[in-house]
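In case you want the letters, here they are:
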Amino acid sequence: MKFSFNVEDASQVFVGAFALAVPISFSEEAWKLGETLPLINLFMLFGLSVLFLGLFTYQSVFQKNITTRKTAFVFRIVIAYIITAFVVALVLFCLDKLPLFEDPMTSLNRIVVITMPASMGAIVVDSLDKE
């Protein structure tokens, strides 16, 4: 089994992330959650994101066959989350809801809150073209 993550895979992750990041980023509830959610809850959201990304990637993208591709499996999860977080940050920045220099903690919190559902969109679209 070969390890590959190419431009097509990256573009699928970008499109999937964008598809869910845009409507959620326009939500005032998401902005306020990013301001008020306690740190422990943000860690739980992050953990849930990674857990669900892992489960979906294991079941759908890798079809339960990771024994010889553990590095590729972990890489796919990490890169999907990072790309999604980048897309979310870009959308929030465009909406002027990413106070990166004025309030970096709120910015990070908003990114984590919105990245959770957006990362699922990213991995679902990525899975349409299986390994």
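Residues numbered from 1 in each chain as written. Predicted model: local features only at pLDDT ≥ 70, side-chain atom pairs only at ≥ 80, totals over all residues. Heavy atoms only, no water.

The protein chain goes by DUF2391 family protein in an unreviewed UniProt entry, where it is assigned to Psychrosphaera aquimarina.

**Q** I'd like a description of unusual backbone geometry, backed by residues and values.
**A** Positive phi outside glycine occurs at Asp96, with the angle close to 60°. Looking at the secondary structure, you find Asp96 in the loop between α4 (70–94) and α5 (104–127). (Helix = DSSP H or I, 4+ residues; strand = E, 2+ residues; numbered from the N terminus.)

**Q** How would you explain the UniProt feature "transmembrane region" (unreviewed entry) in the protein chain if you had to name every residue and give the values?
**A** The UniProt record marks residues 37–61, 73–95 and 107–125 with the feature "transmembrane region" (unreviewed entry), using the residue numbering of this structure. Helix and strand shares over residues 37–61 are 92% and 0% respectively, and the end C-alpha atoms of the span are 32 Å apart. (UniProt positions renumbered as here; feature names shortened; annotations may be inferred.)

**Q** Pulling in residues and values, what's your account of the nonpolar core?
**A** Generally speaking, nonpolar side chains in soluble globular proteins are found buried as a group. Counting residues in hydrophobic clusters, the biggest one holds 34 residues, and the most contacted among them are Val88, Leu92 and Ile111. Looking at this core, the elements that each hand over two or more residues are α1 (7–25), α2 (28–36), α3 (39–61), α4 and α5. Not counting residues within four places of it along the chain, the set of residues in contact with Leu92 comprises Ser25, Trp31, Lys97, Leu98, Arg110, Ile111 and Ile114. (Core = buried A, V, L, I, M, F, W, Y, C linked by side-chain atoms within 4.5 Å. Buried < 20%, exposed > 50% of the residue type's maximum accessible area, 1.4 Å probe, protein only. Contact = heavy atoms within 4.5 Å.)

**Q** So what about the pattern of salt bridges? Which residues, and what values?
**A** According to the stated counting rule, one finds three salt bridges in the structure shown. Here Arg76 makes a salt bridge to Asp9, at a shortest N to O gap of 3.5 Å. Taken together, the positions of Arg76 in helix α4 and Asp9 in helix α1 put the pair 67 residues apart, joining distant regions of the chain. Across the pair, exposure class does not vary: Arg76 and Asp9 are buried alike. The closest approach of N and O atoms between Glu28 and Lys32, which form a salt bridge, is 3.4 Å. Here Glu28 and its partner Lys32 are both found in helix α2, four residues apart, which amounts to about one turn of the helix. For Glu28, a relative accessible area of 44% translates into the label partly exposed. Given a relative accessible area of 45%, Lys32 falls into the partly exposed group. (Salt bridge = Lys/Arg side-chain N within 4 Å of Asp/Glu carboxyl O.)

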